[in-house]
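Summary of the model geometry
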Amino acid sequence: REEGEWYFQRYVAELPTAGECVLFNRSWYNRAGVEKVMDFCTDAQYKQFMDTVNDFESLLVGSNIQVIKYYLDISKAEQAVRLADRAKDPLKQWKISPIDQQAQKKWDAYSQARDAMLKKTSTKDAPWVVISANDKKLAHLNLIRDLLSRVDYPGKDKSILKIDPEIVLTWPADSKKLPKLAK
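Keep in mind the model is a prediction, meaning the values are calculated, not measured.

What counts, and where the lines are drawn
- Residues numbered from 1 in each chain as written.
- Predicted model: local features only at pLDDT ≥ 70, side-chain atom pairs only at ≥ 80, totals over all residues.
- Heavy atoms only, no water.
- Pairing = 2+ DSSP bridges.
- Helix = DSSP H or I, 4+ residues; strand = E, 2+ residues; numbered from the N terminus.
- Axes fitted to C-alpha atoms, helices over the stretch in contact; angles between N-to-C directions.
- Contact = heavy atoms within 4.5 Å.
- Expected span 1.5 Å × (residues − 1).
- Bend = angle between axes of the 7 residues up to and from the residue.
- Salt bridge = Lys/Arg side-chain N within 4 Å of Asp/Glu carboxyl O.
- Buried < 20%, exposed > 50% of the residue type's maximum accessible area, 1.4 Å probe, protein only.
- Core = buried A, V, L, I, M, F, W, Y, C linked by side-chain atoms within 4.5 Å.

Spatially, the three strands line up as an open sheet ordered β1-β2-β3, and their pairing is mixed. With one partner strand each, in any of the chains shown, β1 (69-73) and β3 (168-170) form the two edges of the open sheet. Strand-to-strand twist in this sheet, taken as the mean axis angle between neighbours without regard to direction, amounts to 30°. As judged from the three bridges shared by strand β2 (residues 128-132) and β3, these two strands associate in the antiparallel manner. For Val130, the partnering residue across the bridge sits in β3 and is Leu169. Against the sheet, helix α6 (residues 107-121) engages β1 and β2, with an angle of about 155° to β1.

Shown next, in the form of structure tokens:
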């Protein structure tokens, strides 16, 4: 069914209304990453996504929907450790997929797709924020602080929302730091 739909159609029904928060975990940008690298989409589908995603996100922002995009970046070595941990831990084995088995082999292709995605789809309306995520705890704490600093809410205490600029990177301003993260 989804193959016959406009790519973003599957997400439109899930968009928030005033006062709501909606999280999309990777799925929105799967076409720019996993689908491209694993040949789950055609070159034409990939190109159409890359050519239209910025306009779609600008329409959302123009409709008073705040779009905040995070990319959690880990090193190849850290990814290998996490995949090995999943394989050994019975509580994490459910996370293993056939795609994971290709992750290390296709590291360069994934890195190239990531770089192209960040470069093409980080806009004034919807910029990317890259989180250096080798240390899960620090990554999560800094992401939460950054997110809370970007949204308005009653009783906001900015003094507790200090982020580590070595962990939270703004694209493209900090883009020169990204290759260090990706190795």
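Moving on, we get to helix α4 (residues 76-88). Working note: α-helix, 3.6 residues per turn, so residues spaced by three or four point in the same direction. Over its 13 residues, α4 runs 19 Å from end to end, which matches the ideal 18 Å to within 8%, given 1.5 Å per residue. Looking at the packing, one finds that the buried side of α4 touches α5 (98-103), α6 and α7 (136-150).

The subject of this paragraph is helix α3 (residues 43-62). Here α3 spans 29 Å end to end across 20 residues, near enough to the 28 Å set by a 1.5 Å rise per residue. The sharpest bend along α3 comes to roughly 40°, located at Thr52. Its buried side turned inward, α3 meets α1 (9-12), α2 (34-37), β1 and α6. Once α3 finishes, Asn64 follows within two positions and takes phi at roughly 65°, a positive value.

Here the structure, examined in full by the defined rule, presents ten salt bridges. Ionic pairing is found between Asp51 and Lys47, a salt bridge with its closest N-O pair at 2.6 Å. Pair noted here: Asp51 and Lys47 are both in helix α3, with a separation of four residues, about one helical turn. Residue classification places Asp51 among the partly exposed residues on the basis of a relative accessible area of 37%. Note that Lys69 and Glu57 form a salt bridge whose closest N and O atoms lie 2.9 Å from each other. In this pair, Lys69 sits in strand β1 while Glu57 sits in helix α3, placing the two residues twelve residues apart along the sequence. The exposure class of Glu57 is buried, given its relative accessible area of 1%.

As a rule of thumb, soluble globular proteins bury nonpolar side chains together. Ranked by internal contacts, the top residues of the largest apolar core, which has 22 residues, are Phe8, Trp28, Tyr29 and Phe49. Mapped onto this core, the elements with two or more residues apiece are α3, α6 and β2. Take this core: its biggest share by element is six residues, from α3. In this structure Trp28 touches Tyr7, Phe8, Tyr11, Leu15, Phe49, Val53, Phe56, Glu57 and Leu60, once residues within four positions along its chain are discounted. Among the nonpolar cores identified, the runner-up in size contains nine residues, and Tyr70, Val129, Ile131 and Ile167 belong to it.

Attention now moves to the environment of Gln79. Within the secondary structure, Gln79 is located in helix α4. Counting along the chain gives 93 residues from Gln79 to Pro172, while the straight-line C-alpha distance between them is 24 Å. Here Gln79 is in contact with Ile74, Ala103, Gln104 and Trp107, once residues within four sequence places are set aside.

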